Amino acid sequence: MQHLSIGELSRRSGVKVPTIRYYEAVGLLPAPPRTAGNQRRYGRAELDRLQLVAHARDMGFSMESLRSLLRLVGCSQAPCADVDAVARAHLAEVDERIASLTRLRGELVAMLSGGRHGTVAECRIVEVLSDHQHCAAAH
């Protein structure tokens, strides 16, 4: 499997060709060897790395966190605790986003339940959206 084209790599990984090229451009994937006809060629290691990158991105890991993970993956003798630390930091970011979305949801529920259901000129939703001071909490 040392000679996959970019199209075959895309099919096997589920990652679109432009995304693979982007990951190469930003250094998440190493530049692959090329044929005499200048076509990219990939092997198992590139497929495995691409699948890790794609799954981590699907899980919302930032580019910076992903770079840290990839550095650690490149050092197979590094302690797993280092990877745990990156995952814990991401979990903290996810928890903060959930808290923020929960506050936002509360504001939306309050706007909708406090609506006057008259004309737009007297609409509570427009009133709240027009002046952040009408919100109950930061969001």
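Attention in this report is confined to the structure presented alongside it. (Residues numbered from 1 in each chain as written. Predicted model: local features only at pLDDT ≥ 70, side-chain atom pairs only at ≥ 80, totals over all residues. Heavy atoms only, no water.)

## With respect to the overall build of the chain
Formally: Helix numbering and strand numbering both begin at the N terminus, where a helix is a DSSP run of H or I of at least 4 residues and a strand a DSSP run of E of at least 2. What the globule rule says is 2.2 Å times the number of residues to the power 0.38, and the radius of gyration is computed from C-alpha atoms. Two residues qualify as a contact provided that any one of their heavy atoms is within 4.5 Å of a heavy atom in the partner residue. Where accessible areas are quoted, they stem from the Shrake-Rupley method and a 1.4 Å probe; at the residue level, only the protein chains shown are allowed to cover.
When you go through the chain residue by residue, the secondary structure sums to six helices and zero strands. Going residue by residue from the N terminus, the α and β elements of the chain occur as α-α-α-α-α-α. Whereas a compact globule of 139 residues would reach a radius of gyration of roughly 14 Å, the chain reaches 23 Å, over 25% beyond that. Here the analysis covers contacts within the chain between residues at least 6 apart in sequence; of these, 44% occur between residues at least 24 apart. Here the chain displays about 9300 Å² of accessible surface, and carbon together with sulfur accounts for 57% of that area.

## Let's talk about the packing of helix α4 (residues 63-73) against helix α5 (residues 80-113)
In a packed pair of helices, the relevant descriptors are the angle between the two axes and the axis-to-axis distance. Here is the rule: Every angle, taken between N-to-C directions, lies between 0 and 180 degrees, and every axis is a line fitted to C-alpha atoms, over only the stretch in contact when it is a helix. Small angles under 35 degrees read as roughly parallel and large ones over 145 as roughly antiparallel, with 65 to 115 read as roughly perpendicular and the rest as oblique. Each residue is assigned to one class: nonpolar for Ala, Val, Leu, Ile, Met, Phe, Trp, Tyr, Cys and Pro, charged for Asp, Glu, Lys and Arg, and polar for all the others, Gly among them.
Put simply, α4 and α5 touch, their axes get as near as 10 Å, and they point 170 degrees apart. Between α4 and α5, the angle falls in the class roughly antiparallel. The residues of α5 that touch α4, namely those facing Ser-65, Ser-68, Leu-69 and Leu-72, are Asp-82, Val-83 and Val-86. A class-by-class count of the residues in the contact of α4 with α5 yields four nonpolar, two polar and one charged.

## Things to note about the packing of aromatic side chains
How two aromatic rings sit relative to each other is given by the distance of their centres and the angle of their planes. What counts is decided by this rule: For Phe, Tyr and Trp, rings pair up if their centres lie within 6.5 Å, where Trp contributes its six-membered ring, and each pair is then called stacked (planes under 30 degrees apart), edge-to-face (over 60) or tilted (otherwise). A 1.4 Å probe rolled over the protein chains alone gives each residue an accessible area, and that area as a share of the maximum for its type sets the label: buried under 20%, exposed over 50%, partly exposed in between.
In total, this model carries one aromatic pair according to the counting rule given. When the ring of Tyr-22 is compared with that of Tyr-23, the centres are 6.0 Å apart and the planes differ by 50 degrees; the resulting orientation is tilted. Residue classification places Tyr-22 among the partly exposed residues on the basis of a relative accessible area of 43%.

## Some thoughts on the nonpolar core
Our working definition: For our purposes a nonpolar core is just a set of buried Ala, Val, Leu, Ile, Met, Phe, Trp, Tyr and Cys residues, chained together by side-chain atoms within 4.5 Å.
Within the largest apolar cluster, 21 residues are counted, with the highest numbers of intra-cluster contacts made by Leu-9, Ile-20, Tyr-23, Leu-28 and Leu-50. In contact with Leu-9, not counting residues within four places along its chain, are Leu-4, Ile-20, Tyr-42, Leu-47 and Leu-50.

## Some words on a nonpolar patch on the surface
Let me state the cut-off plainly: Residues enter a patch when their relative accessible area is above 30% and they make no salt bridge; the linking distance is 9 Å between like charges and 5 Å between nonpolar side chains (Val, Leu, Ile, Met, Phe, Trp, Tyr). The salt bridge criterion pairs a side-chain nitrogen of Lys or Arg with a carboxyl oxygen of Asp or Glu, the two atoms within 4 Å.
Residues Leu-101, Leu-104 and Leu-108 make up a contiguous nonpolar surface patch of about 260 Å² in total accessible area. On the basis of relative accessible area, Leu-101 is assigned to the exposed category, the value being 55%.

## As for helix α1 (residues 6-13)
For the record, the criterion: Of all possible arcs, the one meant is that of the directions from the helix axis to the C-beta atoms.
Within the sequence span of α1, burial applies to Ile-6, Leu-9, Ser-10 and Ser-13. The arc that holds every buried residue of α1, seen down its axis, measures 100 degrees, which confines them to one face. The secondary structure elements touched by the buried residues of α1 are α2 (17-25) and α3 (44-58). Positive backbone phi, at 80 degrees, marks Gly-14, one or two positions downstream of α1.

## Quick word on the packing of α1 against α3
The line we're drawing: Handedness of a helix crossing follows the sense of rotation of the near helix relative to the far helix, less than a right angle counterclockwise being left-handed and clockwise being right-handed.
Packing of α1 against α3 leaves a shortest axis separation of 10 Å and a crossing angle of 50 degrees. Taken together, the axis directions place α1 and α3 in an arrangement best described as oblique. When the axes of α1 and α3 are compared, the crossing they make is right-handed. Contact residues: α1 offers Leu-9, Arg-12 and Ser-13, while α3 offers Leu-47, Leu-50 and Gln-51. Partitioned by chemical class, the residues of the contact of α1 with α3 number three nonpolar, two polar and one charged.

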